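Spelled out, the chains give:
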Amino acid sequence: MTSLNENTRWLFDKVYGTRQYTQGAELQLPRKVPIRVEPKSYFANERTFLSWVGMAVTLGGVSSALVGFSGNEADSPSQLISKRTIDMITCVFTPLSVLIMAYALFTFEWRSKCMRQKQIGFFDDKFGPVFVAVLVTLTLLAIFAITLYDFFY
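Note that this is a predicted model, so its numbers are computed, not measured.

*Asks:* Lay out the environment of V92 in plain terms, naming residues and giving numbers.
*Replies:* Turning to its location among the elements, V92 is positioned in helix 3 (residues 83-116). Classification of V92 as partly exposed rests on a relative accessible area of 36%. Along the backbone, V92 and L140 are 48 residues apart, and their C-alpha atoms lie at a distance of 9.5 Å. Excluding residues that lie within four positions of it along the chain, V92 makes contacts with T139 and I143.

*Asks:* Describe the side chain of T139, naming the residues involved and giving the relevant values.
*Replies:* Within the secondary structure, T139 sits in helix 4 (residues 128-152). On the basis of relative accessibility, which here comes to 11%, the residue T139 falls in the buried class. Every residue in contact with T139, bar those within four places of it in the chain, is listed here: V92, F93 and L96.

*Asks:* How would you explain the packing of aromatic side chains if you had to name every residue and give the values?
*Replies:* As enumerated under the stated definition, the model contains three aromatic pairs in all. An angle of 80 degrees between the planes, with centres 5.2 Å apart, marks the rings of W52 and Y103 as edge-to-face. A residue pair is termed long-range when its members are at least 10 positions apart, and W52 in helix 2 (residues 39-69) and Y103 in helix 3 qualify at 51 residues. No difference in accessibility class separates W52 from Y103, as the two residues are buried. Here the aromatic rings of F151 and F152 are separated by 5.0 Å at their centres, their planes lie at 75 degrees, and the arrangement is edge-to-face.

*Asks:* Residue-level account of the pattern of salt bridges, with values.
*Replies:* Counting across every chain of the model gives one salt bridge. Among the ionic pairs, K83 bridges to D87, the shortest N-O distance being 3.8 Å. Taken as a pair, K83 and D87 lie in helix 3 at a separation of four residues, close to a single helical turn. Look at D87 and you get partly exposed, because its relative accessible area is 33%.

*Asks:* Before we move on, could you go through the packing of helix 2 against helix 3 and cite the residues and values that matter?
*Replies:* Orientation of helix 2 relative to helix 3, taken along the N-to-C sense of each, is 170 degrees, at an axis distance of 8 Å. With respect to their mutual orientation, helix 2 and helix 3 come out roughly antiparallel. Within the contact of helix 2 with helix 3, the residues separate by chemical class into 22 nonpolar, ten polar and three charged.

*Asks:* Which residues make up the nonpolar core, and what are the values?
*Replies:* In terms of nonpolar packing, the biggest core is built from twelve residues, these being W52, A56, L59, I89, F93, L96, I100, Y103, A104, V132, V136 and I143. Taken together, the elements giving at least two residues each to this core come down to helix 2, helix 3 and helix 4. Top contributing element to this core by residue count: helix 3, with six residues.

*Asks:* Talk me through a nonpolar patch on the surface; I want residue IDs and the actual numbers.
*Replies:* Where nonpolar side chains cluster on the molecular surface, the patch consists of L80, F144, L148, Y149, F151, F152 and Y153 and spans about 900 Å² of accessible area. Inspection of the secondary structure assignment puts L148 in helix 4.

*Asks:* Let's hear about helix 2: which residues, and what values?
*Replies:* Note on helix geometry: an α-helix contains 3.6 residues per turn, so any two residues three or four positions apart are oriented the same way. The terminal C-alpha atoms of helix 2 lie 44 Å apart, and with 31 residues this matches the ideal 45 Å at 1.5 Å per residue to within 8%. Packing partners of the buried residues in helix 2 comprise helix 3 and helix 4.

*Asks:* Summarise the packing of helix 3 against helix 4; cite the residues concerned and give the values.
*Replies:* Each packed pair of helices is defined by two parameters, the angle between the axes and the distance between the axes. It is the contact of helix 3 with helix 4, at a shortest axis distance of 10 Å, that shows an interaxial angle of 175 degrees. The angle between the axes of helix 3 and helix 4 places the two elements in the roughly antiparallel class. When helix 3 is examined against helix 4, the residues T85, M88, I89, V92, F93, L96, L99, I100 and Y103 are found in contact with a partner set consisting of G128, P129, V132, L135, V136, T139, L140, I143, I146, T147 and D150. The residue inventory of the contact of helix 3 with helix 4, partitioned by class, reads 15 nonpolar, four polar and one charged.

About the criteria used
Residues numbered from 1 in each chain as written. Predicted model: local features only at pLDDT ≥ 70, side-chain atom pairs only at ≥ 80, totals over all residues. Heavy atoms only, no water. Helix = DSSP H or I, 4+ residues; strand = E, 2+ residues; numbered from the N terminus. Buried < 20%, exposed > 50% of the residue type's maximum accessible area, 1.4 Å probe, protein only. Contact = heavy atoms within 4.5 Å. Phe/Tyr/Trp six-rings, centres within 6.5 Å; stacked < 30°, edge-to-face > 60°. Salt bridge = Lys/Arg side-chain N within 4 Å of Asp/Glu carboxyl O. Axes fitted to C-alpha atoms, helices over the stretch in contact; angles between N-to-C directions. Parallel < 35°, antiparallel > 145°, perpendicular 65-115°, else oblique. Nonpolar A, V, L, I, M, F, W, Y, C, P; charged D, E, K, R; others polar. Core = buried A, V, L, I, M, F, W, Y, C linked by side-chain atoms within 4.5 Å. Patch = residues over 30% accessible without salt bridge, like charges linked within 9 Å, V, L, I, M, F, W, Y side chains within 5 Å. Areas by Shrake-Rupley, 256 points an atom, 1.4 Å probe, with all protein chains shown as cover. Expected span 1.5 Å × (residues − 1).

Right, dumping it as structure tokens:
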């Protein structure tokens with residue numbers, strides 16, 4: 001039986017790609033010369049991290065602004081959207097923002113560690129950005145549907 005660590009390592013290596021589990025990588029000859037990591041790679045990693053954090057801060061800011069502009073009264077006739085709907089939107093946007101920040105930090109640390117150790121492997125993330133984009137899209141569609149329902153009914 002394989003241990004839990006081996007199973008999680010296999011999954012991690014399958015998603016991110018390493019020499020052991022990436023198709024065709026076993027055909028690559030081992031390097032005799034140490035790998036030189038360009039300084040621009042560190043800056044690109046940092047720039048990507050800051051881009052993800054910027055998106056998360058924007059979502060968190062929208063969430064906070066909605067709460068701030070929602071008003072004090074529970075159901076005012078002058079409001080287009082009820083306070084309950086705004087609270088639901090905030091409860092969805094805030095964890096999504098924290099999730100995106102956690103993903104950005106995990107990816108940044110993982111790539112930084114691989115660059116510091118000068119590992120041979122693939123540093124691209126095939127599934128993470130797609131998963132986050134689908135999650136944000138589904139969240140926005142759900143919020144749009146809830147807001148339309150609240151506006152018309």
